[in-house]
Amino acid sequence: SSSPGLLRRQVDMLIDSERPGDGADGDGTAVRRAHALQKLLHRHHREEAGEVVFAGAGRVSDPKWLGERVALWTEGTLYDVCRRLRLVDDGDPSCLATDAA
């Protein structure tokens, strides 16, 4: 199990990674990132993250909405999603997946 602080940082990293940059998203980056997250969740965590999988890209790009959904995931799901998005390293001893070896 991890400390609440580490879990909070992983949630923040995940949400920040999906947040569009400053200004309008004229090039569609936020939509592409939302779709990439939805595809990853559909493939690996469809049951637990179904609400995010089947939401519109605009909703997934909303940090408040996404944060509320991510807060419902288990620590293992959160860690796995962050790892697959390369927000945490496999070998980081401070991360949750100590049993992956």
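In short, a report on the structure. As the structure is a prediction and not an experimental result, all values here were calculated from the model.

A word on the nonpolar core
Reasoning step 1: Ranked by internal contacts, the top residues of the largest apolar core, which has 22 residues, are Leu14, Leu37, Leu41, Val52 and Trp73.
Reasoning step 2: Mapped onto this core, the elements with two or more residues apiece are helix 1 (4-18), helix 2 (29-44), helix 3 (50-53), helix 4 (57-60), helix 5 (63-70) and helix 6 (75-84).
Reasoning step 3: Leave out the neighbours within four places in its chain, and Leu14 touches Leu37, Val70, Trp73, Leu78, Val81, Cys82, Leu85 and Leu87.

Focus: the environment of Ser61
Reasoning step 1: Structurally, Ser61 can be placed in the loop between helix 4 and helix 5.
Reasoning step 2: In this structure the C-alpha to C-alpha distance between Ser61 and Arg32, which are 29 residues apart in sequence, comes to 10.0 Å.

Looking at helix 6
Reasoning step 1: Looking only at helix 6, the buried set comprises Thr77, Leu78, Tyr79, Asp80, Val81 and Cys82.
Reasoning step 2: A positive backbone phi angle near 60° is found at Arg86, which sits one or two residues after helix 6.

As for the pattern of salt bridges
Reasoning step 1: A full pass over the atoms with the stated rule returns five salt bridges.
Reasoning step 2: Among the ionic pairs, Lys64 bridges to Glu68, the shortest N-O distance being 2.7 Å. Taken together, the residues Lys64 and Glu68, both in helix 5 and four residues apart, mark about one turn of the helix.
Reasoning step 3: For the salt bridge of Arg84 with Asp80, the shortest nitrogen-to-oxygen distance reads 2.7 Å. With Arg84 and Asp80 both in helix 6, this residue pair falls four residues apart, about one helical turn.
Reasoning step 4: Overall, the relative accessible area of 12% leaves Asp80 in the buried class.
Reasoning step 5: Each of Glu51, Lys64, Glu68 and Arg69 takes part in one network of salt bridges that share partners.

Quick notes on the rules
Each chain carries its own residue numbering, running from 1 in the written order of its sequence. Given that the model is predicted, a residue must reach a pLDDT of at least 70 before its local features are reported, and side-chain atom pairs must reach 80 or more before they are shown or counted; all residues, however, enter totals for whole chains, interfaces and linings. Just so you know, side-chain values use all the structure's heavy atoms and leave hydrogens and water out. We call a set of buried Ala, Val, Leu, Ile, Met, Phe, Trp, Tyr and Cys residues a nonpolar core when their side-chain atoms join them within 4.5 Å. Relative accessible area decides the class of each residue, using a 1.4 Å probe on protein chains only: under 20% of the type maximum gives buried, over 50% gives exposed, and in between gives partly exposed. Helix numbers and strand numbers start at the N terminus; a helix is a DSSP run of H or I with at least 4 residues, a strand a run of E with at least 2. Should any heavy atoms of two residues lie within 4.5 Å, those residues are counted as being in contact. Here a salt bridge means any side-chain nitrogen of Lys or Arg lying within 4 Å of a carboxyl oxygen belonging to Asp or Glu.

Coordinates in, geometry out; function isn't part of it.
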